[in-house]
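An overview of the molecular structure
Read off the chains here:
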Amino acid sequence: MNVMQKYEKLILCVLVTLSVCFLISLKGWGQSSGGYAGWRACMACHAAKVKSWKETPHAKAFESLRKTNQEKIPGCVSCHVTAFEEPDGFIDVELTPELTDVQCEECHGPAKKHVGNMMIREGMVAKPDERKCKKCHTAGQDPRFNYNEKRKSVHP
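Described below are features of the structure shown in this document. (Residues numbered from 1 in each chain as written. Predicted model: local features only at pLDDT ≥ 70, side-chain atom pairs only at ≥ 80, totals over all residues. Heavy atoms only, no water.)

**Looking at unusual backbone geometry**
A positive phi angle, close to 60°, is found at Glu85, a residue other than glycine. For Glu85, the location among the structural elements is in the loop between helix 5 (74–77) and helix 6 (104–108). Positive phi outside glycine occurs at Asp101, with the angle close to 80°. (Helix = DSSP H or I, 4+ residues; strand = E, 2+ residues; numbered from the N terminus.)

**Thoughts on the packing of aromatic side chains**
Summed over the entire model, instances satisfying the criterion amount to 2 aromatic pairs. Each ring, one from Phe62 and one from Phe90, has its centre 6.2 Å from the other, and the planes form 50°; the classification is tilted. Linking Phe62 in helix 4 (residues 61–67) with Phe90 in the loop between helix 5 and helix 6, this pair joins segments that are 28 residues apart in sequence. Here Phe62 matches Phe90 in class, with each residue buried. (Phe/Tyr/Trp six-rings, centres within 6.5 Å; stacked < 30°, edge-to-face > 60°. Buried < 20%, exposed > 50% of the residue type's maximum accessible area, 1.4 Å probe, protein only.)

**Some thoughts on the pattern of salt bridges**
The full count for this structure, using the stated rule, is 7 salt bridges. Where Glu63 meets Arg66, a salt bridge forms, and the shortest distance between an N and an O atom there is 3.7 Å. Note that Glu63 and Arg66 are positioned in helix 4 at a spacing of 3 residues, about one turn of the helix. For Lys113, the salt bridge goes to Glu122, with nearest N and O atoms at 3.5 Å. (Salt bridge = Lys/Arg side-chain N within 4 Å of Asp/Glu carboxyl O.)

Following this line, the structure appears as structure tokens:
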């Protein structure tokens, strides 16, 4: 193989590698986290669960901050949105409005990969435990929080 052939082969390899990287970036393949899809993406397969969630205070969590002018206070926002300070999670109302409120993925984990292929459940939790709730329902914020009682109201 002469020098010119080696360069042609090298250039071809570089072009193929760049093409694959470009396609991966377009498709969202290879993300380290599954990414967050928002409640509307859950609706297609879990309509009854989404409908019952929409009747809960979790579905109106961000609006409750707006009513008290607390929607820009990070310590408040963190418990009234989905995936605050998580990769691909809530950033702010302008950039990630689809993640306002305490949605499915806050408790069940990122679902973007699952939405693309329902067999993928990586990072998802079917039945979240009390620790997930107590991240926000602390003794200081919700002193009368009773997990066994409150969990009944998540999906009435």
